[in-house]
Amino acid sequence: MEQLNVQLNRLTRSLRRARTVELPEDNETAVYTLMPMVMADQHRSVSELLLNSKFDVNYAFGRVKRSLLHIAANCGSVECLVLLLKRGANPNYQDISGCTPLHLAARNGQKKCMGRLLEYNADVNICNNEGLTAIHWLAVNGRTELLHDLVQHVSNVDVEDAMGQTALHVACQNGHKTTVLCLLDSGADINRPNVSGATPLYFACSHGQRDTAQILLLRGAKYLPDKNGVTPLDLCVQGGYGETCEILIQHHGRLFQTLIQMTQNEDIKENMLRQVLEHVSQQNDSNYQRILTSLAEVATTNGHKLLSLSSSYEAQMKSLLRIVRIFCHVFRLGPSSPNTGIDMGYNGNKTPRSQVFKPLELLWHSLDEWLVLISTELDRKCGDTASSTPGSDIASLLLKQREASPSDAADAPDILPSTLDPEEVMTPKAYVDGQDVISMTANRLSAVIQAFYMCCSCQMPHGMTSPRFIEFVCKHDEVLKCFVTRNPKIIFNHFHFLLECPELMSRFMHIIKGQPFKDRCEWFYEHLLAGQPDSDMVHRPVNENDILLIHRESIFRSSCEVVSKFTNEKLKQGIAVRFHGEEGMGQGVVREWFDILSNEIINPDYALFTQSADGTTFQPNSNSSVNPDHLNYFRFAGQILGLALYHRQLVNIYFTRSFYKHILGIPVNYQDVSSIDPEYAKNLQWILDNDISDLGLELTFSVETDVFGAMEEVPLKPGGSSIQVTQDNKAEYVQLVTELRMTRAIQPQINAFLQGFHTFIPASLIQLFDEYELELLLSGMPEIDVMDWKRNTEYTSGYDLEEPVIQWFWEVVEGLTQEERVLLLQFVTGSSRVPHGGFAFLMGGSGLQKFTIAAVPYTSNLLPTSSTCINMLKLPEYPSKDVLRDRLLVALHCGSYGYTMA
Amino acid sequence: MSETYDFLFKFLVIGSAGTGKSCLLHQFIENKFKQDSNHTIGVEFGSRVVNVGGKTVKLQIWDTAGQERFRSVTRSYYRGAAGALLVYDITSRETYNALTNWLTDARTLASPNIVIILCGNKKDLDADREVTFLEASRFAQENELMFLETSALTGENVEEGFLKCARTILNKIESGELDPERMGSGMGHTPSPRTQPLLLQLQVCLGVVVSSSNLLRHLETSGSLFMKSICTLNLQPLSFASGLAVMERHL
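Residues numbered from 1 in each chain as written. Chains lettered and ligands numbered in written order. Predicted model: local features only at pLDDT ≥ 70, side-chain atom pairs only at ≥ 80, totals over all residues. Heavy atoms only, no water.

Caption draft 1: Structural context of helix α9 (residues 144-151) of chain A. Residues and elements named next belong to chain A. Considered for burial, the residues of α9 that qualify are T144, L146, L147, L150 and V151. The arc enclosing the buried residues of α9, seen along the axis, measures out at 150 degrees, which places them on a common side. Buried residues along α9 sit against α6 (101-107), α7 (111-119), α8 (134-141) and α11 (177-185). (Buried < 20%, exposed > 50% of the residue type's maximum accessible area, 1.4 Å probe, protein only. Helix = DSSP H or I, 4+ residues; strand = E, 2+ residues; numbered from the N terminus. Arc of directions from axis to C-beta. Contact = heavy atoms within 4.5 Å.)

Caption draft 2: Representation of the pairing of strand β10 (residues 851-856) of chain A in the model. Residues and elements named next belong to chain A. Most of β10 sits out of view: 5 of its 6 residues are buried. Of the strand pairs in this sheet, strand β7 (residues 793-796) and β10 are connected by 4 bridges, and their pairing is parallel. Bridging across to β10, Y795 finds its partner in I853. Direction of pairing for β10 relative to strand β12 (residues 872-876): parallel, over a ladder of 5 bridges. Note on β12: the bridge partner recorded for A854 is K874. (Pairing = 2+ DSSP bridges.)

Caption draft 3: Just the environment of A:I512, in detail. Tracing the sequence through the fold places A:I512 in helix α29 (residues 502-513). Each C-alpha atom, one on A:I512 and one on A:P488, is 7.4 Å from the other, the two residues being 24 residues apart in sequence.

Caption draft 4: Layout of unusual backbone geometry. Located in the positive-phi region is A:A607, a residue other than glycine, with phi close to 60 degrees. Along the chain, A:A607 falls in the loop between α33 (587-601) and β3 (609-611). Overall, the relative accessible area of 13% leaves A:A607 in the buried class. Positive phi is not limited to glycine here, since B:N31 has a value of about 65 degrees. When you line up the elements, B:N31 lands in the loop between α1 (21-30) and β2 (43-52).

Caption draft 5: Geometry of the packing of aromatic side chains. Going through the model one piece at a time under the given rule, you end up with 44 aromatic pairs over all chains. The interplanar angle of 65 degrees and the centroid separation of 4.8 Å between the aromatic rings of A:F452 and A:F472 together place this pair among those described as edge-to-face. On the criterion of sequence distance, the pair formed by A:F452 in helix α24 (residues 437-457) and A:F472 in helix α25 (residues 467-475) is long-range, its members being 20 residues apart. When sorted by exposure, A:F452 lands in the same class as A:F472, which is buried. Three or more aromatic residues link up through ring pairs in this structure, and these residues are A:W364, A:F452, A:Y453, A:F469, A:F472, A:F495, A:F497 and A:F508. We note A:R648 situated over the ring of A:Y525; from NZ or CZ to the ring centre the distance is 3.7 Å. In this arrangement the basic side chain of B:R48 is found over the ring face of B:F28, its NZ or CZ atom lying 4.3 Å from the centre. (Phe/Tyr/Trp six-rings, centres within 6.5 Å; stacked < 30°, edge-to-face > 60°. Lys NZ or Arg CZ within 6 Å of the ring centre and 35° of its normal.)

Caption draft 6: Seen up close, the pattern of salt bridges. All names here are of chain A. In total, this model carries 40 salt bridges over all chains according to the counting rule given. Between D546 and K570 there is a salt bridge, with its nearest N and O atoms 3.7 Å apart. Pair noted here: D546 is in the loop between α30 (517-528) and β1 (547-550) and K570 is in helix α32 (residues 568-573), with a separation of 24 residues, a long-range link. In this structure D546 comes out as partly exposed when scored by relative accessible area, which is 22%. Looking at K570, the relative accessible area reads 34%, which means it is partly exposed. (Salt bridge = Lys/Arg side-chain N within 4 Å of Asp/Glu carboxyl O.)

Caption draft 7: The packing of α11(A) against helix α13 (residues 210-218) of chain A, seen in detail. All names here are of chain A. Interhelical geometry of α11 versus α13 gives an angle of 20 degrees and a closest axis separation of 9 Å. Relative to α13, the element α11 is oriented roughly parallel. Crossing of α11 against α13: the hand is right-handed. Contacts between α11 and α13 pair K177, V180, L181 and L184 from the former with D211, T212, I215 and L216 from the latter. Among the residues making up the contact of α11 with α13, the classes are represented as 5 nonpolar, 1 polar and 2 charged. (Axes fitted to C-alpha atoms, helices over the stretch in contact; angles between N-to-C directions. Parallel < 35°, antiparallel > 145°, perpendicular 65-115°, else oblique. Left-handed = near helix turned anticlockwise from the far one by under 90°. Nonpolar A, V, L, I, M, F, W, Y, C, P; charged D, E, K, R; others polar.)

Caption draft 8: Structural view of the interface of chain B and chain A. Contact residues are listed per partner, giving 26 residues for chain B and 34 residues for chain A. Overall, the association of chain B and chain A removes approximately 2,700 Å² of surface from exposure, summing both partners, and the carbon and sulfur fraction of that is 56%. Our enumeration of links across chain B and chain A arrives at 2 salt bridges. For A:E377, the salt bridge goes to B:R69, with nearest N and O atoms at 2.9 Å. At the surface where chain B touches chain A, the tally comes to 9 residue pairs in polar contact (both at pLDDT 80 or more). Of all the secondary-structure elements, those providing two or more residues to the side of chain B that touches chain A are β2, β3 (55-64) and α2 (71-75) of chain B. Looking at which element gives the most residues to the side of chain B that touches chain A, the answer is β2(B), with 3 residues. (Buried area = accessible area lost by both parts, 1.4 Å probe. Polar contact = N/O pair within 3.5 Å; in protein donor to acceptor, adjacent residues only side chain to side chain.)

Here you go:
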């Protein structure tokens with residue numbers, strides 16, 4: 001009965017409290033009953049349950065083998081903690097990782113728990129398995145107040161963990177200022193190294209803890225490197241911590257020079273170093289002056305080293321350009337005080353701010369002397385050749401082929417023995433090194449020129465070329481041309497200034513145009529995108545407002561409206577397109593948009609472009625004004641084409657050769673007329689080819705045109721209707737009439753188109769290409785099916801498909817890259833495209849004209865030639881496949897541009 | 001990771017073509033003789049960190065081409081140099097005769113205070129000697145130069161030449177005669193008014209002592225002693241003078 005009562009009593013209590021009132025017999029089950037109560041600090045319940053129970057309060061459970069005391073300490077359940085301690089819980093019990101309840105309380109900042117544990121004699125000096133003690137845990141989290149209480153119980157404040165790290169190390173790393181002060185006040189060793197030799201200051205610097213570093217330095221921390229020689233300054237620079245660097249320099253003045261010297265170290269990330277120097281220079285004017293002057297000195301030394309022929313060109317060149325880049329960047333930012341910001345130092349070296357360029361004058365002086373030296377040697381070489389004075393000392397050095405000089409000297413006595421005075425006889429001995437000064441120094445000098453340009457232009461407002469630099473280029477024109485003629489790579493590597501100043505560009509244009517298309521493409525995009533944010537920005541999430549939302553059913557009008565709402569800068573940064581009512585986004589949609597839109601632009605309904613005679617290419621419609629808004633649409637079309645080119649998207653339009661020339665600003669010629677009026681072009685060709693003196697053509701410098709049904713006489717030049725066309729002036733007539741048909745008739749349209757195009761593609765950059773290449777850039781590389789090509793090829797003058805030369809030819813063509821096949825097609829047909837329907841539909845000057853290969857007798861070194869009007873390749877009868885391939889490639893790479901081979 | 005040093009001195013190696021300037025530099029930096037050395041084109045560069053009187057000094061050495069055609073280029077490297085090795089070939093009087101020109105260049109283009117050590121190179125070719133030790137040392141004294149005969153082949157006196165020059169500069173810095181802040185800057189600087197008269201005074205003093213025939217005779221017989229004395233002179237006016245005093249006592 002009584003038992004029943006007891007049970008009933010328990011039941012009621014249990015039900016009333018909504019929990020069991022009796023601990024289970026076994027510890028494992030019991031502990032899981034108690035744990036939630038401990039976590040919630042339900043000490044009465046715990047106390048009640050523990051009463052009369054045989055539960056072992058030190059029972060360790062779970063994966064990490066903690067006791068309930070750990071749980072209480074961890075959760076800050078102070079009442080339960082006391083209860084457990086009273087019931088004999090071991091305050092120093094260690095869990096599987098060696099942590100005591102005190103560790104957990106310290107880690108989580110459970111102040112009261114910590115106090116109680118200490119009352120019950122918890123040992124503060126116990127290390128966990130990683131060697132961490134309670135003070136480490138406090139230091140990690142910066143619990144200064146708790147540390148204060150605890151530290152007096154600590155026997156050794158410099159106790160090390162397994163890595164030799166003290167509490168001070170971790171506090172510094174995490175930048176807990178008060179904790180650091182507390183530890184220092186408690187006698188922590190300020191210079192203590194860990195196992196790898198890292199001191200507290202080292203840790204503060206490695207994480208850019210400016211204030212902590214300041215505290216340490218004020219308290220006399222030594223500036224010590226780790227065991228690998230890595231210094232606190234190295235760490236600050238690696239992390240780009242300008243403020244911490246500034247503090248280091250304040251305390252250790254000579255670190256300033258070390259910092260400057262770091263610009264020469266290619267292992268250091270340039271952007272981080274720049275960030276640091278930027279910060280330090282912004283502190284005050286004197287820092288600004290000092291940093292720039294020092295950078296200028298380092299750059300000068302570096303530039304001189306680069307001019308030492310035994311130094312590594314690559315390393316010194318990169319180093320020089322890096323230093324100068326940083327220098328210019330810091331200079332441009334200007335000193336911190338804004339009122340001096342207006343002074344850009346245009347007045348040479350008179351203003352204080354431009355004083356910082358002074359050390360560099362030494363380098364520019366050397367550069368100048370070097371160029372003068374080379375110029376002198378070039379002159380002497382020329383002079384010698386002209387006057388055929390043999391064996392000039394300098395000339396022998398300048399001769400391209402090293403072996404040429406002794407033979408020249410040997411030949412000399414036969415020609416002019418008397419001119420060989422003793423001094424000249426000595427020459428081969430004196431300059432026996434026989435190396436070519438120009439080829440040895442050209443790269444190095446060009447890199448210094450690049451640096452010079454950077455320094456000149458950073459003193460100028462954006463977009464202006466420094467008069468000093470222009471003067472420099474003009475002065476050394478001959479030498480610079482000699483450099484790039486010998487090694488055109490120099491243009492792409494170092495002569496970036498050309499792209500920024502058209503007046504200088506024109507001097508080098510012919511050399512640039514002779515460079516491979518691929519190199520020019522790279523250069524083009526490198527400069528087009530220069531100044532844009534880094535490409536890793538591409539992956540940023542697209543802002544909803546930055547999406548071009550296009551209506552598919554009215555793609556032209558809708559695109560026009562949307563694009564006009566965006567700034568050019570936005571469009572340059574990137575484009576994201578979504579069609580109205582569709583989900584799709586990404587590159588595929590962008591491509592589709594350009595594809596469809598370009599088809600729409602040439603849609604005859606808009607009357608903007610007309611088809612040319614061959615039916616595949618387009619050019620502006622001279623009558624586009626039927627569409628009153630036509631010029632705005634032309635501008636839009638130009639913008640879209642420019643934007644596509646900017647983002648390397650291809651469009652589905654092919655323009656006439658003459659329109660590509662218009663985009664490039666190249667004058668058209670009479671052959672271009674054939675694209676809109678082939679018969680008329682033939683007539684122009686005829687009057688050029690034949691003597692017109694006695695034909696009685698009665699032509700004047702004027703033409704009659706049909707302007708909406710009314711015939712009008714249009715003079716080709718002022719007073720043209722009264723000037724007779726004669727045999728002597730017929731060329732001018734042809735040119736003027738060509739310009740009238742091709743250019744003047746569509747001038748407003750061209751202008752509007754270019755206005756749009758140039759918003760994305762500067763005219764100076766597109767100049768790098770010719771009309772064929774522009775087509776490749778805009779519309780891409782067409783696929784060429786060699787089988788189809790071979791099937792639709794005819795042979796004449798002795799060739800047939802069985803001829804070995806023809807067999808070789810097709811084998812070679814199959815081995816060509818896609819780009820080379822296009823070049824071959826361009827070489828022979830003048831067009832890079834295969835007509836719709838394949839090679840069977842290839843057009844010539846008068847209707848269908850298949851690709852034809854004609855035999856030419858072989859003489860040594862003879863190159864293949866072509867007649868583009870009849871799609872004929874004149875292929876010499878080469879003796880072997882190798883010769884054929886070699887000659888063909890030479891012809892393709894040199895001859896597919898311009899008309900030299902036509 | 002970063003190189004540290006107390007001072008950075010810019011040095012020049014100048015002198016006529018074929019005197020062995022590049023070989024001297026190579027010997028100093030690499031500790032070996034440079035076989036099949038070609039004519040230097042323009043200016044070459046070398047550097048070494050040395051310990052001088054407890055200080056670490058980085059020597060940044062510009063080895064110039066001796067050929068006349070490079071003269072205007074090499075001259076553009078002179079500015080800001082603290083020290084120079086003026087090299088001639090003891091087997092070529094022509095190179096010795098050109099010294100005055102080189103000296104004028106160095107003093108006008110680098111700095112009037114530039115510390116110069118005259119190096120009679122190719123000491124190992126004593127059999128072909130065209131310039132005696134004595135006349136060169138006289139030239140050195142007249143022009144306030146330190147003097148050594150060196151051999152880039154054997155390495156004799158090469159290290160000494162560079163170090164002596166560095167030591168002298170360091171002494172001048174410590175005595176306040178040179179300002180290191182301005183030295184490395186590549187900017188020209190004027191000699192302090194204090195040192196100029198002292199230098200002149202010394203020249204006069206030397207003139208008197210050296211012209212004494214007794215001394216000359218003595219020097220011919222005990223050249224090594226003289227050299228030793230010269231070597232200990234730092235070209236600091238006062239110690240130079242006391243060095244002479246020591247010599248006179250020997251006589």
